[in-house]
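# Chain and residue survey
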Amino acid sequence: MAAQEIESGTTWGKELWDQFDNLATHTQKGIDFFERFGNFIRDRSAIEVEYALKLRRLVKNYQPKKNKEDEENEFSSLIAFKNVLKEVADLAGQREVVAENLQNQVLQGIMLLAKNLRDERKKALNQGAGLTQSLHTQIGTLDRAKRSYEKAFREAEKAIEGYHKADADFHLSRADVEKQRVNMNIRNSQSEDAKSEYANQLQITNKQQQQHYQIALPEVFNKLQELDEKRTRGMKEFIKRAADVEYEVSPIIARCLEGMVKAADSINEKDDSMIVIEKYQSGFQPPGDIPFEDLSKPDPDASNNSQTHNSSTGLNHMTGKGTTKDKLKKRVGIFGIFTGNKNNLTTDGLKEDFSDLPPTQRRKKLTAKVQELQQKVAQEQAASDGLMKMKGVYEANSMLGDPRTVEEQLNESVSRLDRLRQELLRYQKLLEQANNQTFIQHSPQSNRVTQNGQRSSRHSNGSSNHENSHEDNGEDHPDDAGSLSSSSASPESGLGTSHTSLPGSGQGSTNEQPMNEEYYEAETPLGTCRALYPFDATSEGSIPMSEGEELQVIEVDQGDGWTRVRRFSSKGWEEGFVPTSYIECTLYA
């Protein structure tokens, strides 16, 4: 390229032969500008790294927390958002690739080229300065030779003038005239010598000056032009290379954006609505219509219903027959001194049989538990079979190993397998019972329908007093009807106490007898209740009941979700607590 420009005549050496200082300044500014471009690439790379870091921090901050229950039924919008976060993390990775390539492929090349340009410029300028200094030295020599010639020429002229005067003067002797003639000849000879030296130096200077301005210095200027063009060409190439770095990651970035669009298209609002149904469906039926109560007609039950309504709304402040405020306080105190059974809870706070969940959710949990246990049984069976094969191989060839080393592991595996199978069988029975359970039309939390079809609360007042005619057969009934109320004073929460017998019935420990005698006085029933669902007493302080069984209400619900009842069985009179949502109460007037 430089040769073509020299041939065409557009070179710095020819066109700018007298601009050495300006070319030196120009090339310095060009290299400074090129290095400034390198600083731009460096700062841009730092911004890319910071941007990638902030993107990763953003993904981490907005990453949804892992929830085992939610992972089973994740909403499509949540799944899409997680996919978007993955794509953003990939975008951060591509920005890091851009930063790395800018540093390795662009910035390093710029710094290396800038260093080479500085070295070449310095060398060229030193060469040009040397040539200029040599020419200035020769011009100085020429000036000195010229001054010597001028001096010798003036002295020769003066000597010639002196000789002519002496020759014309008749008063001077011939010796004086000869002396002036000799002096004239000497001065003329010196003048000729000075003239010859001056002519010689002039020739040398002109030749050197011609060489300097036509060959030597143009070569230096052409070198400066070449390195400046190299700098400009490097600027062009590195700008393109920086763009190529972006182009290289653009397909991946495009795929990330396509992934975001695909994640958005995967969102289905109908599927999410079905997941909400699956997640929160209880399996209960909605309550029926509330009957109209005609107050204009005389109804012997009207006053009872009104009194029942007052008792249900002011439940926490009510004291029934045989129950004083002091006894209510004692009840709370008794709850606090007993420890409950906490071993029947799972890691998420639910009961092992999930009896505190609504029917649909309970069947779902039991199904998942059965599948989990089946997988564990299969894994343990495979491990046991492997140990059996290993033991057989060792017995067949004692050189391979001692069969007694795996016998203990095999026994432990068989023991674990038996426990898993027993647990699997238990949960399969619970699942079968849950699937065969017939639910009533109203949920335990809804209002109940009394005997005559009258709509009332769960503590509604009836006109008849039913004695308990059903005895407990002692069978275990799974608690499939719904979730129990969570209360700090409930027997099921582990804070209840044993009230399974009256004083003198022989039930309960001797340590509890004085407390029971103080707590259980001869109390008149407040009414009767009928069990809507079977209840399996799993902790102290509660008593089991079967569906349809009638019991006596001894103490109404104090706001903790439990009602104290009494019943007569083959063991005699028994008292304890049952969930209020599992019974339908009819209180006396």
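Just so it is clear, the model here is predicted, and its values are computed rather than measured.

### Description of the overall build of the protein chain
Within the protein chain, the secondary structure is distributed over 12 helices and 7 strands. Considering the protein chain as a whole, with its 589 residues, one finds that 38% of them fall into the buried category. Taking as baseline every contact in the protein chain between residues at least 6 positions apart, the subset at least 24 positions apart corresponds to 76%. When the accessible area of the protein chain is evaluated, it comes to approximately 34600 Å², of which 52% is carbon and sulfur surface.

### Concerning the pattern of salt bridges
This structure, assessed with the given rule, holds 23 salt bridges. Three or more residues joined by partner-sharing salt bridges are found here, namely Arg 44, Glu 48, Arg 95 and Glu 246.

### Some thoughts on the environment of Leu 551
Of note, Leu 551 is situated in strand β4 (residues 550–555). You can call Leu 551 buried: its relative accessible area is 0%.

### Observations regarding the packing of aromatic side chains
This model, assessed by the stated rule, comprises 10 aromatic pairs. Their ring planes at 0° and their centres at 5.7 Å tell us that Tyr 149 and Tyr 198 sit as a pair that is stacked. On the criterion of sequence distance, the pair formed by Tyr 149 in helix α5 (residues 76–168) and Tyr 198 in helix α6 (residues 174–265) is long-range, its members being 49 residues apart. Note on accessibility: Tyr 149 and Tyr 198 belong to one class, buried. Ring centres of Tyr 533 and Tyr 582 lie 5.5 Å apart, and the angle between their planes is 75°; this geometry places the pair in the edge-to-face category. Here the residue Tyr 533 occupies a position in the loop between β3 (527–531) and β4, and Tyr 582 occupies one in the loop between β6 (572–579) and β7 (583–587), the gap between them amounting to 49 residues. The same class applies to Tyr 533 as to Tyr 582, namely buried.

### Some remarks on the pairing of strand β5 (residues 562–569)
Extensive coverage of β5 is indicated by the burial of 7 of its 8 residues. Bridge analysis of β4 against β5 gives 3 bridges, and the strand direction is antiparallel. Looking across to β5, one finds that Gln 552 is bridged to Arg 566. In the sheet, β5 pairs with β6 via 8 bridges, with the strands oriented antiparallel. In the sheet register, Arg 564 faces β6, and the bridge partner there is Phe 577. Following β5, the chain reverses through 2 residues before pairing antiparallel with β6.

### Things to note about helix α11 (residues 404–436)
Its 33 residues place the ends of α11 48 Å apart at the C-alpha level, agreeing with the 48 Å of an ideal helix rising 1.5 Å per residue. Looking only at α11, the buried set comprises Val 406, Leu 410, Ser 413, Leu 417, Leu 420, Leu 424, Tyr 427, Leu 430, Leu 431 and Ala 434. Looking at the buried positions of α11, the neighbouring elements they touch are α10 (359–396).

### As for a nonpolar patch on the surface
A surface patch of nonpolar side chains, about 300 Å² in accessible area, is lined by Leu 58, Tyr 62 and Phe 81. In this structure, Leu 58 sits in helix α3 (residues 20–61). Assessed through its relative accessible area of 40%, Leu 58 is described here as partly exposed.

### Describing the packing of α3 against α5
It is the contact of α3 with α5, at a shortest axis distance of 8 Å, that shows an interaxial angle of 165°. With respect to each other, α3 and α5 are oriented roughly antiparallel. Crossing angle aside, the handedness with which α3 passes α5 is left-handed. A breakdown of the residues in the contact of α3 with α5 according to their chemical character gives 28 nonpolar, 7 polar and 10 charged.

### Focus on the environment of Glu 120
Following the sequence through the fold, Glu 120 ends up in helix α5. A relative accessible area of 33% places Glu 120 in the partly exposed class. Apart from residues lying up to four places away in sequence, Glu 120 is in contact with Leu 227 and Lys 230. For Glu 120, the side chain forms a polar contact with the side chain of Lys 230, separated by 3.2 Å.

### Here we look at the sheet that holds β6
With antiparallel pairing, 5 strands are arranged side by side in an open sheet as β6-β5-β4-β3-β7. Looking along the sheet, the strands with just one partner apiece sit at the ends: β6 and β7. On average, adjacent strands in this sheet sit at an angle of 35° to one another, irrespective of strand direction.

### Some words on the nonpolar core
Ile 41, Phe 221 and Leu 224 are the most contacted members of the largest nonpolar core, which totals 31 residues. Secondary structure elements with two or more residues in this core: α3, α5 and α6. Of the residues forming this core, the biggest block, 12 residues, is contributed by α6. Ala 531, Met 545, Leu 551 and Ile 583 belong to the second largest nonpolar core, which has 19 residues in total.

### Observations regarding the pairing of β7
Counted residue by residue, β7 has 5 buried out of 5 residues, so it is predominantly covered. Burial along β7 is two-sided: the face carrying Ile 583, Cys 585 and Leu 587 and the face carrying Glu 584 and Thr 586 are both buried. Where β3 lies against β7, 5 bridges are found, and the strand directions are antiparallel. Bridge assignment links Ala 531 to a residue of β7, and that residue is Ile 583.

### Focus on the packing of α3 against α6
At their nearest, the axes of α3 and α6 sit 11 Å apart, and the two run at 15° to each other. Taken together, the axes of α3 and α6 lie roughly parallel to each other. Crossing of α3 against α6: the hand is left-handed. Across the interface between the two elements, Phe 20, Leu 23, His 26, Thr 27, Gly 30, Ile 31, Phe 33, Phe 34, Phe 37, Ile 41, Arg 44 and Glu 48 from α3 touch Leu 217, Phe 221, Leu 224, Leu 227, Asp 228, Arg 231, Gly 234, Met 235, Phe 238, Ile 239, Ala 242 and Glu 246 from α6. For the contact of α3 with α6, the class distribution of residues is 15 nonpolar, 4 polar and 5 charged.

### Re the confidence of the model for the protein chain
Mean pLDDT over the protein chain works out to 76, with 73% of the residues at or above the 70 mark. The spread of mean pLDDT over the elements of the protein chain runs between strand β2 (residues 455–456), the lowest at 36, and α3, the highest at 94. Per-residue pLDDT stays below 50 along residues 1–7; that stretch engages in 8 contacts with residues further than four places along the chain or on separate chains. The low-confidence segment residues 438–522, where pLDDT is below 50, has 241 contacts with residues more than four positions distant or belonging to other chains.

The rules we used
Residues numbered from 1 in each chain as written. Predicted model: local features only at pLDDT ≥ 70, side-chain atom pairs only at ≥ 80, totals over all residues. Heavy atoms only, no water. Helix = DSSP H or I, 4+ residues; strand = E, 2+ residues; numbered from the N terminus. Buried < 20%, exposed > 50% of the residue type's maximum accessible area, 1.4 Å probe, protein only. Contact = heavy atoms within 4.5 Å. Areas by Shrake-Rupley, 256 points an atom, 1.4 Å probe, with all protein chains shown as cover. Salt bridge = Lys/Arg side-chain N within 4 Å of Asp/Glu carboxyl O. Phe/Tyr/Trp six-rings, centres within 6.5 Å; stacked < 30°, edge-to-face > 60°. Pairing = 2+ DSSP bridges. Expected span 1.5 Å × (residues − 1). Patch = residues over 30% accessible without salt bridge, like charges linked within 9 Å, V, L, I, M, F, W, Y side chains within 5 Å. Axes fitted to C-alpha atoms, helices over the stretch in contact; angles between N-to-C directions. Parallel < 35°, antiparallel > 145°, perpendicular 65-115°, else oblique. Left-handed = near helix turned anticlockwise from the far one by under 90°. Nonpolar A, V, L, I, M, F, W, Y, C, P; charged D, E, K, R; others polar. Polar contact = N/O pair within 3.5 Å; in protein donor to acceptor, adjacent residues only side chain to side chain. Core = buried A, V, L, I, M, F, W, Y, C linked by side-chain atoms within 4.5 Å. pLDDT = per-residue confidence, 0-100.

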